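Analysis of the macromolecular model
Spelled out from the first residue to the last, the chains are:
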Amino acid sequence: VEVQGDLVTVNMAAGISNKGGFLALRCSLFSCYGGGVLPAVSLQRPRELRSRTASTTSSSAESPYNEKYCIDLVRSRDYEGFLCSLLLPVPSRRSSIALRAFNVELAQIKDAVSQKTIGLIRMQFWKTAVEDIFKDDPPYQPVTSELWRAVKKHNFTKRWLLRIINEREKDMEDQAYRNLQELESYSENTQSSLLYLLLEALGVRDVHADHAASHIGKAQGIITCLRAIPYNSQRRKVYLPMDICMLHGVSQEDFIRGSREKNVRDVVYDIASQAHTHLQHARTFTKNVPLNAFPALLHTVALEDYLERARKADFDVFHPALQQRNPLLPLHLYLRSWKKIY
């Protein structure tokens, strides 16, 4: 397992395949012109031109390569999200993969660039791409083509897509969070916004489902921050809330050195406790959340699994057990899906 910024990278065994251009889960669970006359050129009317452009865009969006690119990207960079997408109803799976691929593309910009300016240019590309997608003129790129297809099918709210980009653009400042509330705000604007879009892919527009998604997204953002500690420490970077670190007398250097002292573990415990609180709060909406919204909220299983393993490791984020994935996670996800609980 390798955590890079907001992404969890896992090398998978060949148990999940792409069959017939879509997702499937195996039962093992898993001429040049030679003459002297130039060809005739006819002028198109604007309506004809638009029609041909729309036809070209549609053809590009239906390319099997685009779908496979997104599947491979999500499977390698967001393994848990990939598993959750497999458990969505068939009409929503491809759109879910497109949304998660969009999120992965944005999340890896920060670690992929050496200069902030380059990162901001890439963020501007995605802002323009989203605007063009809603104008029915997406760039010819695999993720944008798949996202255009999903927007056409589900009529996604543009605000959620732009909010994810804007928040990640602000995160290019590469500074630690001043307090836990800042981390929660970042998580709400990124992870929760993604969940709102997944709910829309399921045809759910419900206030109770949105409330649950808000808390699950915050928990996911907090836990991702914890999981990224070993990776970021190797790069001499620490993004944990400064107020909690100061409360326990822990410096950034302690995390960079990989300290496993009690005060370091206390910082992790406090942050993990807040994530657990959000998960518990999300479940208080269970009775009011529509059943068809549950598949979009299944990421709670992976979050709960990490918190439990962290507890067993006494909240030592550098413990070897926390650097590996749980091989039973696909089964746990399937059982929760079958029981229709999150």
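Residues numbered from 1 in each chain as written. Predicted model: local features only at pLDDT ≥ 70, side-chain atom pairs only at ≥ 80, totals over all residues. Heavy atoms only, no water.

The next point concerns the overall build of the protein. On a plain count of helices and strands, the protein comes out with 16 helices and four strands. Taking all 342 residues of the protein together, 53% fall into the buried category. (Helix = DSSP H or I, 4+ residues; strand = E, 2+ residues; numbered from the N terminus. Buried < 20%, exposed > 50% of the residue type's maximum accessible area, 1.4 Å probe, protein only.)

What follows is about a nonpolar patch on the surface. A cluster of nonpolar side chains, namely L328, L331, Y334, L335 and W338, defines an oily patch on the protein surface of about 520 Å² accessible area. Assessed through its relative accessible area of 45%, L328 is described here as partly exposed. (Patch = residues over 30% accessible without salt bridge, like charges linked within 9 Å, V, L, I, M, F, W, Y side chains within 5 Å. Areas by Shrake-Rupley, 256 points an atom, 1.4 Å probe, with all protein chains shown as cover. Salt bridge = Lys/Arg side-chain N within 4 Å of Asp/Glu carboxyl O.)

Let us now look at the side chain of S193. Following the sequence through the fold, S193 ends up in helix α9 (residues 180-201). From its side chain, S193 meets the backbone oxygen of N189 in a polar contact 3.0 Å long. Aside from chain neighbours lying at most four places away, what touches S193 is W160, R163, I164 and E188. (Polar contact = N/O pair within 3.5 Å; in protein donor to acceptor, adjacent residues only side chain to side chain. Contact = heavy atoms within 4.5 Å.)

If you walk through the whole model with that rule in mind, you get seven aromatic pairs. Judged by centre distance (5.2 Å) and plane angle (80 degrees), the ring pair of F125 and W126 falls under edge-to-face. A relative accessible area of 37% places F125 in the partly exposed class. Exposure remark for W126: the relative accessible area of 5% places this residue in the buried category. For the ring pair F294 and Y342, a centre distance of 5.1 Å and an interplane angle of 85 degrees mean the geometry is edge-to-face. Pair noted here: F294 is in the loop between α14 (262-283) and α15 (300-312) and Y342 is in the segment after α16 (329-339), with a separation of 48 residues, a long-range link. Neither residue differs from the other here; F294 and Y342 are each classed as buried. By way of ring pairs, the aromatic residues F102, F125 and W126 are connected into one cluster. Against the face of F134 rests K158, its NZ or CZ located 5.8 Å from the ring centre. Positioned over the ring face of W160 is R159, at 4.2 Å from the centre of the ring. (Phe/Tyr/Trp six-rings, centres within 6.5 Å; stacked < 30°, edge-to-face > 60°. Lys NZ or Arg CZ within 6 Å of the ring centre and 35° of its normal.)

What follows deals with the nonpolar core. With 96 residues, the main nonpolar core has F102, L240, F255, V289 and Y342 as its most contacted residues. In terms of residue count, the dominant contributor to this core is α9 (10 residues). Residues within four places of L240 in sequence aside, it is in contact with A176, Y177, C225, L226, I229, C245, F255, V267 and I271. (Core = buried A, V, L, I, M, F, W, Y, C linked by side-chain atoms within 4.5 Å.)

Between its first and last C-alpha atoms helix α7 (residues 142-154) spans 18 Å; for 13 residues at 1.5 Å apiece the expected length is 18 Å, and the two agree. Burial analysis of α7 places 11 of its 13 residues in the buried class, the great majority of the element. The N-terminus of α7 is capped by Q141, whose side-chain oxygen sits 2.8 Å from the backbone nitrogen of V143. (Expected span 1.5 Å × (residues − 1).)

Before going further, it helps to examine the pattern of salt bridges. Taken as a whole and judged by the stated rule, the model has 27 salt bridges. We note a salt bridge from E167 to K170, for which the minimum N-O separation is 3.3 Å. Residue E167 and its partner K170 are located together in helix α8 (residues 158-170), separated by three residues, close to a single helical turn. Judged by its relative accessible area of 10%, E167 is buried. With relative accessibility at 54%, the residue K170 sits in the exposed group. Two residues, R257 and D254, come together in a salt bridge whose shortest N-O distance is 2.6 Å. Several salt bridges converge on common partners, so that one network encompasses K110, D171, D174 and K237.

Mapped onto the secondary structure, E184 falls in helix α9. No salt bridge forms around the buried E184; measuring N to O, its nearest opposite-charge neighbour K218 is 5.9 Å away. At a separation of 2.6 Å, a polar atom in the side chain of E184 contacts the side chain of H278. (Lys, Arg positive; Asp, Glu negative; His and termini not counted.)

The next thing to look at is the packing of α14 against α15. Orientation of α14 relative to α15, taken along the N-to-C sense of each, is 145 degrees, at an axis distance of 11 Å. Read as a crossing pair, α14 and α15 show a hand that is left-handed. The segment α14 lies against α15, with A272, H276, L279 and R283 engaging T300, L303, E304 and L307. Taken together, the residues of the contact of α14 with α15 break down into four nonpolar, two polar and two charged. (Axes fitted to C-alpha atoms, helices over the stretch in contact; angles between N-to-C directions. Left-handed = near helix turned anticlockwise from the far one by under 90°. Nonpolar A, V, L, I, M, F, W, Y, C, P; charged D, E, K, R; others polar.)

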